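These are the residues of each chain, in order.
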Amino acid sequence: MIDYFTEDRSAEQVNGRIGPATSPRLAHVMTSLVNHLHAFIKDVELTEEEWAAAISFLTRSGQICSDTRQEFILLSDILGVSMLVDAINHRQPEGATETTVFGPFHVDGAPERQMGDSISLDGKGETCLFEGRVLDLDGNPVEGALIDVWSDNEDGFYDVQQPGVQPPFNNRGIFRTGADGRYAFRGIRPVSYPIPHDGPAGQLLDALGRHPWRPAHMHFMVTAPGYRRVITHLFVSGDPYLESDAVFGVKASLITPFERVDRDSETWRAAYDFVLQAE
């Protein structure tokens with residue numbers, strides 16, 4: 001008897017069509033995806049109207065994507081998928097700096113600057129000194145580590161979101177550690193900002209009764225020969241959105257005191273040591 005498609009055995013029939021020459025990893029991933037997807041549809045008994053709405057939602061998500069905006073990353077972020085993939089792929093030994101989401105606003109080709117330079121090119125915002133060390137798990141300094149940093153401006157926007165308003169590479173830079181493993185640069189005290197919410201991802205947040213805000217943070221990507229790359233944030237302690245980050249990116253070990261240099265100054269200081277795991 002020919003085994004035609006039925007509701008009861010839908011996933012088995014779809015997976016049975018996977019060809020014998022398919023790579024084992026792809027076959028494993030797709031088999032699991034089909035099993036879970038079909039189980040979900042059966043669990044909620046998806047209507048034809050809901051199916052059409054989902055197709056429209058995904059279509060609109062693709063249409064809004066551009067060179068500077070990736071709506072599918074936003075959807076992955078707000079559903080916790082980005083953080084889960086990060087957690088699975090970056091399980092760290094005790095003592096190593098924890099990772100968090102990369103985010104959609106990194107830019108390749110940021111200039112390498114001299115230690116102590118400022119990355120704030122527009123001169124706006126409250127100045128903040130970021131300093132610390134890059135160490136290995138034994139506490140030894142890591143020489144030649146590259147620290148790629150980026151943040152929003154005082155209005156909560158990255159330079160790529162405001163071409164022609166912010167100078168290129170505003171609040172971005174790369175710094176290289178010396179033999180002592182120390183780094184220092186000046187930026188601004190970052191501010192909270194909403195993720196782009198004028199598209200499908202924002203509509204989903206509204207429908208779920210959630211806000212689009214991220215707590216204030218500075219991005220760091222730390223690389224060094226012989227060590228695993230670390231992509232992470234430093235979050236400003238006391239930020240009102242630490243416990244409700246729209247993309248679930250906060251970890252307790254990354255919440256950092258930002259302290260005023262003096263009471264009358266608009267200059268802040270944030271100190272943090274990055275600890276890398278050997279390859």
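Residue numbers here run from 1 along each chain, matching the order of that chain's written sequence. Only residues with pLDDT of at least 70 are given local features in this predicted model, and only at 80 or more are side-chain atom pairs given and counted; all residues enter the totals for whole chains, interfaces and linings. Derived side-chain values reflect all non-hydrogen atoms in the structure, with water molecules and hydrogen atoms excluded from consideration.

### What about the overall build of the protein?
Across its full length, the protein holds 6 helices and 12 strands. Counting only C-alpha atoms, the protein reaches 80 × 40 × 30 Å along its principal axes. Burial classes: relative accessible area under 20% of the type maximum marks a residue as buried, over 50% as exposed, and values in between as partly exposed (1.4 Å probe, protein chains only). Put simply, the protein has 279 residues, and 40% of those count as buried. Working note: accessible area of the protein is about 15,500 Å², and carbon and sulfur atoms make up 54% of it. Here the protein contributes 23 positively and 41 negatively charged side chains, and the mean placements of these two sets differ by 3 Å. The helix and strand labels rest on DSSP assignments: H or I over at least four residues marks a helix, E over at least two residues marks a strand, and numbering proceeds from the N terminus. Surface exposure here means Shrake-Rupley accessible area, sampled with a 1.4 Å probe, where a residue is shielded only by the protein chains that are shown. Neither His nor the chain ends contribute to the count of charged residues, in which Lys and Arg are positive and Asp and Glu negative. In plain terms, the charge of a residue is placed at NZ if it is Lys, CZ if Arg, CG if Asp and CD if Glu.

### Quick word on a negative patch on the surface
For patches, a residue must show more than 30% relative accessible area and have no salt bridge; joins then use 9 Å for like charges and 5 Å for nonpolar side chains, namely Val, Leu, Ile, Met, Phe, Trp and Tyr. Think of a salt bridge as a Lys or Arg side-chain nitrogen and an Asp or Glu carboxyl oxygen that are within 4 Å of each other. Taken together, the side chains of Glu7, Asp8, Asp43 and Glu45 define an acidic patch exposed on the protein surface. Among the secondary structure elements, glutamate 45 is positioned in the loop between helix 2 (24–44) and helix 3 (48–63). Here glutamate 45 falls in the exposed class, since its relative accessible area comes to 65%.

### Regarding the environment of proline 163
Counting through the fold element by element, proline 163 comes out in the loop between strand 2 (146–150) and strand 3 (172–176). Residue class for proline 163 comes out exposed when judged on its relative accessible area of 65%. For the pair proline 163 and histidine 28, spaced 135 residues apart in sequence, the C-alpha to C-alpha distance is 43 Å.

### A closer look at the UniProt feature "domain: Intradiol ring-cleavage dioxygenases" (unreviewed entry) in the protein
UniProt positions are given in the numbering used here, feature names are shortened, and annotations may be inferred rather than shown by experiment. Taking the UniProt record as the reference, the feature "domain: Intradiol ring-cleavage dioxygenases" (unreviewed entry) is found at residues 130–158. A helix fraction of 0% and a strand fraction of 41% characterise residues 130–158, whose end C-alpha atoms lie 19 Å from each other.

### Some thoughts on the sheet that holds strand 2
If you walk across this open sheet you meet the 5 strands as 3-2-7-8-9, and the pairing is mixed. The open sheet terminates on both sides in strands that have one partner only, identified here as strand 3 and strand 9 (255–256). Pairing between two strands is assigned when DSSP locates at least 2 bridges connecting them.

### Here's the deal with the pattern of salt bridges
Pairing is possible between side chains that carry opposite charge, provided their charged atoms lie close to one another. For the structure shown, the criterion picks out 9 salt bridges. Aspartate 198 is the salt-bridge partner of arginine 69, the closest N and O atoms lying 2.6 Å from each other. Here the residue arginine 69 occupies a position in the loop between helix 3 and helix 4 (71–78), and aspartate 198 occupies one in the loop between strand 5 (193–194) and helix 6 (200–207), the gap between them amounting to 129 residues. What makes arginine 69 buried here is its relative accessible area of 16%. Salt bridges sharing common partners tie together Arg69, Glu71 and Asp198.

### Let's talk about the pairing of strand 2
Judged by how many residues are buried, strand 2 sits mostly within the fold: 4 of 5 residues are covered. Pairing of strand 2 with strand 3, which is carried by 5 bridges, proceeds in the antiparallel orientation. Bridge assignment links aspartate 148 to a residue of strand 3, and that residue is isoleucine 174. Sheet topology note: the strand 2/strand 7 (residues 217–223) ladder contains 5 bridges and is antiparallel.

### Here we look at the environment of glutamate 7
Here glutamate 7 shows up in the segment before helix 1 (10–15). Given the relative accessible area of 63%, glutamate 7 is considered exposed. A C-alpha to C-alpha distance of 8.7 Å links glutamate 7 and lysine 42, two positions 35 residues apart in sequence.

### Concerning a nonpolar patch on the surface
A contiguous nonpolar patch, built from Leu26, Val29, Met30, Leu33, Leu37, Phe40, Ile41 and Val44 and spanning about 640 Å² of accessible area, is present on the exposed surface. Relative to the helices and strands, methionine 30 resides in helix 2. By relative accessible area, which is 33% here, methionine 30 ends up partly exposed.

### Considerations on the pairing of strand 11 (residues 268–271)
Because side chains alternate across strand 11, one face comprises the buried residues Trp268 and Ala270, and the other comprises Arg269 and Ala271, none of which is buried. Relative to strand 11, strand 1 (residues 127–136) is paired through 4 bridges, and the arrangement is parallel. Each bridged residue has a counterpart across the sheet, and for glutamate 131 the counterpart in strand 11 is alanine 271. Here 2 bridges tie strand 10 (residues 259–260) to strand 11, and the two strands are oriented antiparallel to one another. Counted as the bridge partner of arginine 260 is tryptophan 268 from strand 11.

### A word on unusual backbone geometry
Positioned with a positive phi, glutamate 45 is a non-glycine residue whose angle comes to about 50 degrees. Residue phenylalanine 169 is not a glycine yet carries a positive backbone phi of 65 degrees. Looking at the secondary structure, you find phenylalanine 169 in the loop between strand 2 and strand 3. Given a relative accessible area of 27%, phenylalanine 169 falls into the partly exposed group.

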